[in-house]
Amino acid sequence: MVERATGEIARLLSCVCDVNFKTLGRQQKNLTRWQQNLTRWQNVNFCDPWKPWESRHPGDVNSFNKFNMFNVAAGALEAPPPPATMYLEGNFFPGGINMAKEFTSFTDERLESSLLASIFARPETYWEVADLLPLEAFGSRNRELYKRLSIAIENDLPLPSVPINAAPAPAPDPVAAAKRLAELYQKRLLADLAQTFLEKLRGETSATDLMTELEDNLARVQQRIKERVGDVVALPDLLPEVLSDVAARRQAVKEQGVAAVGLPTGIGKLDKLLGGLQPGLHLLAAEPGMGKTTFALQVAANVAKGYPALFVSFEETITRLALKIICARAGLEAKRFSDGFGEPGELERIAREYGPELARLYFIEGTGKLTVPQLKAKALQIMAREKAGKCLVIVDYLQRWAASRREFNDFRHTVSNLVSELRELALRLSSPVLVISSQNRPGQGSANLTSLKESGDLEYSADTAIFLVDAQKRTATPPSRAVDLAVEKNRYGDKGRVELIFRPDVGIFREVAK
């Protein structure tokens, strides 16, 4: 049992620096499985192969030791070492492990320089790799340059003029290069961890404590990369954040008289129900022609008064959206200008008047090549430019984006996967992500969660689900329309309805006065 348990531990340690990080969970389970065996033989004599054989086993000088050339030269008979004696070199680590050598092998300076060249050539690349690559992932030669680059880009300063080592060509795939460097960094950490563990293995630390410490350290190595599943946080460590959030909400009530601490939609009752658009995934659904895009654009414009808003459009062109929101702010019909009946001078005037208050509103024209990581990079870039701690991201609309991906044979799985990525995006940005969704044909026009098209996961993944529906008990004078904003799911409070009047000609929703 002693030989078997020690052999298994040594085998795991010998491969720990070559394992893909996705298998670390399995390796940790293997380590745990052997913990019970290790605790049964805590008094094993671990020999130091660099010490003379006599000093390790007095009275056993005739026992064969392949590390002691003196015994071989003296003609000692070949015999196995005592059963309780395990070697840290040779028996389970053929040729031994030179951790200093292993550490240096887990670096790639040319790949580092190639990635830096990509960032110099296209600074936007930094935002695509920032979450994948901590500063420590770079070697000593390139670390300072990467630090200076990140400071310059995040603060919109001129890039440093320091030349890149060996001046290689930019990396063809910067994201893949960043992932590779992050993996090498994790392996360096694992090599250092393995060395420390082997040193403690020869000491007086109990097997139980060694196993616990090893498992904790493995978890820390995983958490050194920002893109991770999540940290384990004790309740007392969360309390300061909880208290800070409560204090912010209390301050908002004192200053504004409302409970909203999320990003304001501009619709008073909706902000009261939701507490503003808080970090998380929010769904907006309606049948065609109900004004989903117009409503989302109005919310984005209201948020842009104080925070950045990023509108991703797979439906209309971004120039059309810009025309709609400028005209909506001035109460003019966008169609008149798009049809050629509006005077350019009039549009220039309202652009000068309302343009500055919409300076934080950004657009991306969605294409089949757009990925969620790229969207995250753009959002981080905008937040850094505006020096804002959060922003609003709007996707118009979900099924159209998913249709351009087609990752699975079943379209529902593609939609579900995209929803999961967008939820992770909201958590990473600590910001609200508002996603427009179509409804299935049987459920069109109803405020029903089951009407969300293509994926039942939508209703479970969303923090809020909001529907635009025709009002059943109200009317309005054309071209105005009476509509209700139905909150059918709300993790931040109660459900409810908000009565609105929609002016499709000028693209405005206004709340019905009570």
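Right above here is the structure, for reference.
Residues numbered from 1 in each chain as written. Predicted model: local features only at pLDDT ≥ 70, side-chain atom pairs only at ≥ 80, totals over all residues. Heavy atoms only, no water.

**Some points on unusual backbone geometry**
Step number 1: In this structure, the amide linkage connecting Asp396 to the following residue, Tyr397, adopts the cis form with an omega of 0°.
Step number 2: Summarising the element assignment, Tyr397 is placed in the loop between strand S6 (392-396) and helix H19 (398-403).
Step number 3: In the segment running from Pro478 into Pro479, the intervening peptide bond is cis, with an omega of 5°.
Step number 4: Counting through the fold element by element, Pro479 comes out in the loop between strand S8 (464-470) and strand S9 (481-490).
Step number 5: One non-glycine residue with positive phi stands out, namely Lys387, at about 55°.
Step number 6: Residue position: Lys387 is located in the loop between helix H18 (372-386) and S6. (Helix = DSSP H or I, 4+ residues; strand = E, 2+ residues; numbered from the N terminus.)

**Description of the packing of helix H15 (residues 318-330) against helix H17 (residues 344-354)**
Step number 1: Look at H15 against H17: their axes get within 10 Å of each other, and the N-to-C directions meet at 80°. Judged by the inter-axis angle, H15 sits roughly perpendicular to H17. Contact with H15, carried on its side by Leu323, Ile326, Cys327, Arg329 and Ala330, involves Leu347, Ile350, Ala351 and Tyr354 of H17 and no other residues of that element.
Step number 2: Residue composition of the contact of H15 with H17, by class: 8 nonpolar, no polar and 1 charged. (Axes fitted to C-alpha atoms, helices over the stretch in contact; angles between N-to-C directions. Parallel < 35°, antiparallel > 145°, perpendicular 65-115°, else oblique. Contact = heavy atoms within 4.5 Å. Nonpolar A, V, L, I, M, F, W, Y, C, P; charged D, E, K, R; others polar.)

**Quick word on the sheet that holds strand S11 (residues 508-511)**
Two orientations exist for strands paired in a sheet by backbone hydrogen bonds: parallel and antiparallel.
Step number 1: Strand order across the open sheet formed by 9 strands is S5-S4-S6-S7-S3-S8-S9-S10-S11, with mixed pairing between neighbours. For this open sheet the edge positions go to strand S5 (361-365) and S11, each flanked by a neighbour on one side alone. Recorded for the sheet is a direction-independent mean angle of 25° between the axes of neighbouring strands.
Step number 2: Pairing of S9 with strand S10 (residues 496-503) involves 7 bridges; the strand directions are antiparallel. Paired with Leu485 across the strands is Val498, a residue of S10.
Step number 3: The strands that H15 touches are strand S4 (309-313), S5 and S11; relative to S5, the one it contacts most, it runs at about 150°. (Pairing = 2+ DSSP bridges.)

Coordinates in, geometry out; function isn't part of it.
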